[in-house]
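Below, each chain spelled out in residue letters.
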Amino acid sequence: MAKNNDYDANSINTIGVGTSVKGDIISDGDFRIVGKLLGTIQSKGKVVIGKSGHVEGDIICKNADVSGEVKGSIKVEELLSLTATSKMEGEVHTSRIAIEAGAIFTGNCHMSNRNETEKGKK
């Protein structure tokens, strides 16, 4: 008999190209956005904003890679990476940040150790 698993800890959730979501998202797994999100995303995993991705709202996660556009605040427990194609406007709270040449970042950045960043999430 086949085993029915409704939950896969390794699954990656996606908002695809041409898709627009309005509302808040809470996820235990990783999340990839190459469409548009108007709202907050909270993930216990990694959030990836692809080149065509656009987020207007807050992002709260363990790690984040941004190649698209973000307008809002980002709270990252560990590492935030802004690639050369990224456009970030807003408040950043993170333990570590990597910004490639060509990235556009307008806003404030607050860096602290991991425990202080986790407290800022609550």
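What counts and how
- Residues numbered from 1 in each chain as written.
- Predicted model: local features only at pLDDT ≥ 70, side-chain atom pairs only at ≥ 80, totals over all residues.
- Heavy atoms only, no water.
- Helix = DSSP H or I, 4+ residues; strand = E, 2+ residues; numbered from the N terminus.
- Buried < 20%, exposed > 50% of the residue type's maximum accessible area, 1.4 Å probe, protein only.
- Contact = heavy atoms within 4.5 Å.
- Areas by Shrake-Rupley, 256 points an atom, 1.4 Å probe, with all protein chains shown as cover.
- Pairing = 2+ DSSP bridges.
- Polar contact = N/O pair within 3.5 Å; in protein donor to acceptor, adjacent residues only side chain to side chain.
- Salt bridge = Lys/Arg side-chain N within 4 Å of Asp/Glu carboxyl O.
- pLDDT = per-residue confidence, 0-100.

A. Broad picture of the overall build of the chain. A count of helices and strands for the chain gives 1 helix and 14 strands. Within the chain, the fraction of its 122 residues that count as buried is 38%. Expressed as a percentage of contacts within the chain between residues at least 6 apart in sequence, the contacts between residues at least 24 apart total 5%. Surface accessibility of the chain: about 7,100 Å² in total, with carbon and sulfur atoms responsible for 47%.

B. Main features of the pairing of strand β4 (residues 30-33). Covered by surrounding structure in β4 are Phe31 and Ile33 only, the residues Asp30 and Arg32 on the alternate face being uncovered. Of the strand pairs in this sheet, strand β1 (residues 12-15) and β4 are connected by 4 bridges, and their pairing is parallel. Counterpart to asparagine 13 in the pairing with β4 is phenylalanine 31. Taken together, the 3 bridges between β4 and strand β7 (residues 46-49) define a ladder with parallel strand orientation. Residue pairing across strands places isoleucine 33 opposite isoleucine 49, the latter belonging to β7.

C. The arrangement of the side chain of serine 73 in detail. For serine 73, the location among the structural elements is in the loop between β11 (69-71) and β12 (74-82). Here the side chain of serine 73 touches aspartate 58 through a polar contact of 2.9 Å, side chain to side chain. The contacts of serine 73, once residues within four sequence positions are left out, are Gly57, Asp58, Ile59 and Glu91.

D. Structural context of the pattern of salt bridges. By the definition in use, this model includes 3 salt bridges. The salt bridge partner of aspartate 28 is lysine 44, with a shortest N-O separation of 3.4 Å. Of the two residues, aspartate 28 sits in the loop between β3 (25-27) and β4 while lysine 44 sits in the loop between β6 (41-43) and β7, which places them 16 residues apart along the sequence. A salt bridge links lysine 46 to aspartate 65, with the shortest nitrogen-to-oxygen separation between them at 2.9 Å. Of this pair, lysine 46 sits in strand β7 while aspartate 65 is found in strand β10 (residues 63-66), placing the two residues 19 residues apart along the sequence.

E. Examining the side chain of serine 86 more closely. Examined against the element boundaries, serine 86 turns out to sit in the loop between β12 and β13 (87-99). From its side chain, serine 86 meets the backbone oxygen of threonine 83 in a polar contact 2.7 Å long. With sequence-adjacent residues up to four places away left out, serine 86 is seen in contact with Val66, Ser67, Gly68, Ala103 and Ile104.

F. Fine view of the confidence of the model for the chain. Per-chain confidence: the chain averages 88 in pLDDT, with 84% of residues scoring 70 or above. Across the chain, element-level confidence peaks in β11 with a mean pLDDT of 98 and bottoms out in helix α1 (residues 114-121) with 53.

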